[in-house]
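So the chains spell out like this:
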Amino acid sequence: MLTKKIEKALNDQIVLEAYASNSYLAMASWCEGKGLRGATKFYYAQSDEERVHMLKLVKYVNASGGSANITAVKSPESSYKTLQETFEAALKQEKAVSQSINQLVELTFNDKDYTTHNFLQWYVQEQHEEEALFRSILDLFALADKDGKSLIIIDNEIMKIRNEVEAG
Ligand code: OFO
């Protein structure tokens, strides 16, 4: 059974995951409009993953005697100047989500809710992987500066990275 405090914190996290999903959807749409096939595929898939993260929380809250609230989510940023800017914004967003997960973990530990604490470990690991993924893509842009690689090469690399993620 969730305490009211933890139920609220989990509901806040549901909103964050929904926002992350919408935000990647907006980035996918922006990339699609620019003909960037790799980044389009990457962000559509990322948006789907964030929706799965949201659903896991919704189901956990409901299965734990709480009520998952589905609320309005603020509009995501939808205009960018460059592809690199989308990945910088994405990494910033992932860092904010990681911080929120860490606060949730701390809250469940302090309240001795070890079931939720255990449930959240999956998110801790996921955030670690996602931050690393976005950093590795931003590294490509740093390389491009030095070697003069074109945007299309970076986009192909992003397609390969996404395919590797899907292949596990
Ligand atoms: Fe939900 O995994 Fe990142 O944000």
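What this report covers is the structure whose coordinates are included nearby. Per chain, residue numbering runs from 1 following the sequence as it is written. With the structure being a predicted model, the display of local features is reserved for residues of pLDDT at least 70 and the display and counting of side-chain atom pairs for 80 or more, all residues being used for whole-chain, interface and lining totals. Excluding hydrogens and water, the side-chain values take into account all heavy atoms of the structure.

Secondary structure elements follow DSSP: runs of H or I of four or more residues count as helices, runs of E of two or more count as strands, with numbering from the N terminus. Along the protein chain, the regular secondary structure elements total five helices and zero strands. What you see in the protein chain, going N to C, is helices and strands ordered as α-α-α-α-α. Once the C-alpha set of the protein chain is aligned to its principal axes, its extents read approximately 55 × 25 × 25 Å. The buried label goes to any residue with under 20% of its type's maximum accessible area, the exposed label to any with over 50%, and the partly exposed label to all in between, with areas taken from a 1.4 Å probe on protein chains only. Here the protein chain, with 168 residues, has 46% of them falling under the buried criterion. Pairs at least 24 apart in sequence give 79% of the contacts found in the protein chain among residues at least 6 apart. Computed with the Shrake-Rupley method and a 1.4 Å probe, the accessible areas treat only the protein chains shown as cover for residues. Working note: accessible area of the protein chain is about 9,200 Å², and carbon and sulfur atoms make up 53% of it. Positive and negative side-chain charges in the protein chain, numbering 19 and 25 respectively, have mean positions lying 2 Å apart. Contact between two residues is taken to exist if any of their heavy atoms lie within 4.5 Å; hydrogens are not considered. Charge assignment in this entry is limited to Lys and Arg as positive and Asp and Glu as negative, and neither His nor the chain termini are counted. To locate a charge, take NZ of a lysine, CZ of an arginine, CG of an aspartate or CD of a glutamate.

Here the term cavity refers to a set of points on a 1 Å grid, laid over the protein atoms alone, in which a 1.4 Å probe fits but cannot get out; the term pocket refers to an open set having protein on both sides within 12 Å along at least five of seven lines, with lining residues being those that place an atom within 4 Å of a point. Grid points are joined across faces, edges and corners, and a volume is the space filled by probe spheres set on the points. The volume enclosed by the largest pocket comes to roughly 160 Å³. What lines the largest pocket is Tyr19, Ser23, Met27, Glu77, Tyr80, Ala89, Lys92 and Gln93. Gly is placed with the polar residues, together with every amino acid not listed as nonpolar (Ala, Val, Leu, Ile, Met, Phe, Trp, Tyr, Cys and Pro) or charged (Asp, Glu, Lys and Arg). When its residues are assigned to classes, the lining of the largest pocket shows four nonpolar, two polar and two charged.

In this section: helix α2 (residues 37-63). Given 3.6 residues per helical turn, the α-helix brings residues three or four places apart onto the same face. Here α2 contains 27 residues, and its C-alpha end-to-end distance of 39 Å stays within 8% of the 39 Å for a straight helix at 1.5 Å per residue. After α2 finishes, the residue Gly65 shows a positive phi value of roughly 85°. Residue count minus one, scaled by 1.5 Å, sets the expected span of a helix.

Relative to the helices and strands, Glu130 is located in helix α4 (residues 114-147). In the sections that follow, a salt bridge refers to a side-chain nitrogen of Lys or Arg positioned within 4 Å of a carboxyl oxygen of Asp or Glu. Lacking a salt bridge, the buried Glu130 has Arg162 as its closest oppositely charged neighbour, with an N-O distance of 7.3 Å. Beyond its immediate sequence surroundings of up to four residues, Glu130 is in contact with Gln46, Glu49, Glu50, His53 and Glu94.

A fitted line through C-alpha atoms serves as each axis, taken over the contacting stretch for helices, and the angle formed by two N-to-C directions is quoted from 0 to 180°. Contact pair α2 / helix α5 (residues 151-167): the axes reach a minimum separation of 7 Å and the direction vectors enclose 35°. At the point where α2 passes α5, the crossing takes the left-handed sense. Side by side, α2 and α5 meet where Arg37, Gly38, Ala39, Lys41, Phe42, Ala45, Gln46 and Glu49 of the first sit next to Asp155, Ile158, Met159, Arg162, Asn163, Val165 and Glu166 of the second. Among the residues making up the contact of α2 with α5, the classes are represented as six nonpolar, three polar and six charged. Each crossing gets its hand from how the near helix is turned against the far one by less than a right angle, where anticlockwise is left-handed and clockwise is right-handed.

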